[in-house]
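# Report on the structure
Each chain, letter by letter, is given below.
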Amino acid sequence: MAIRNIRVMGDPILEKVCKEVKEMTPRTQELIDDMFETMYEANGVGLAAPQVGVLKRIVVIDVTGEDPIVLINPRIMETSGEQTGGEGCLSVPGKSGIVTRPNYVKVKAYDRDMNPIELEGMELLARAFCHEIDHLDGHLYVEKVEGELSDVEEEA
Ligand code: NI
């Protein structure tokens, strides 16, 4: 496994629409492992493939640190409710902003063995599903921020 370079806002790759994954390959398995390692190393809760420069519809999420989720070709099937809260992104370092998202999100996707899966998320997980799937369509949370982005103090 290896830590990959995280692209930051302004990099045109973050604005592109990613391609569906047609088949699993050893190279894609390695990408998924690297995405987890890169996300954990950066203390993130989610990472999408375009953030490491790969235009494929792959997302990794772990909102608890003990519950790694891989979503391949994810689609949001259902949402309900609303939550308004702070959000950040590894591609927008040192910043956060207030974003309103659904409070419940159901997604369909494939796991890393290309088995179909269906997952439900509430609160932070619902937010992560929306945020990461937006990346696959070239969208950053900053487009949805209410008010101004604020500076986040770097961890010591
Ligand atoms: Ni992000």
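Going by the structure above, here's the rest.
Residues numbered from 1 in each chain as written. Predicted model: local features only at pLDDT ≥ 70, side-chain atom pairs only at ≥ 80, totals over all residues. Heavy atoms only, no water.

## Description of the overall build of the chain
- The number of helices and strands found in the chain is two helices and eight strands.
- Helices and strands appear in the chain in the N-to-C order α-β-β-β-β-β-β-β-α-β.
- Residues counted as buried form 43% of the 156 residues belonging to the chain.
- Separation between the mean location of the 16 positive side-chain charges and that of the 30 negative ones in the chain comes to 9 Å. (Helix = DSSP H or I, 4+ residues; strand = E, 2+ residues; numbered from the N terminus. Buried < 20%, exposed > 50% of the residue type's maximum accessible area, 1.4 Å probe, protein only. Lys, Arg positive; Asp, Glu negative; His and termini not counted. Charge placed at Lys NZ, Arg CZ, Asp CG, Glu CD.)

## Looking at the nonpolar core
- Val59, Ile61, Leu71, Val105, Val107 and Phe129 are the most contacted members of the largest nonpolar core, which totals 16 residues.
- Among the secondary structure elements, those contributing two or more residues to this core are β2 (58-61), β3 (69-80), β6 (104-110) and α2 (123-136).
- Counting residues per element, this core draws most heavily on α2, at seven residues.
- In contact with Phe129, not counting residues within four places along its chain, are Ile61, Leu71, Val105, Val107, Leu119, Glu120 and Gly121.
- Counting 14 residues, the second-largest nonpolar core is a separate cluster that includes Val21, Leu31, Met39 and Val60. (Core = buried A, V, L, I, M, F, W, Y, C linked by side-chain atoms within 4.5 Å. Contact = heavy atoms within 4.5 Å.)

## Here we look at the coordination of the nickel ion
- Protein-derived ligands of the nickel ion are Cys89 (SG), His131 (NE2) and His135 (NE2), with the metal-ligand distances lying across 2.0 to 2.3 Å.
- Positions of the donor residues of the nickel ion along the chain correspond to the pattern C-x41-H-x3-H. Linking Cys89 in the loop between β4 (83-87) and β5 (95-101) with His131 in helix α2, this pair joins segments that are 42 residues apart in sequence. Each of the two residues, Cys89 as well as His131, counts as buried. (Donors = N, O, S within 2.8 Å, 3.2 Å for Na, K, Ca; no water.)

## Quick notes on the pairing of β5
- By the bridge criterion, five bridges tie β4 to β5 in an arrangement that is antiparallel. Residue pairing across strands places Gln83 opposite Arg101, the latter belonging to β5. (Pairing = 2+ DSSP bridges.)

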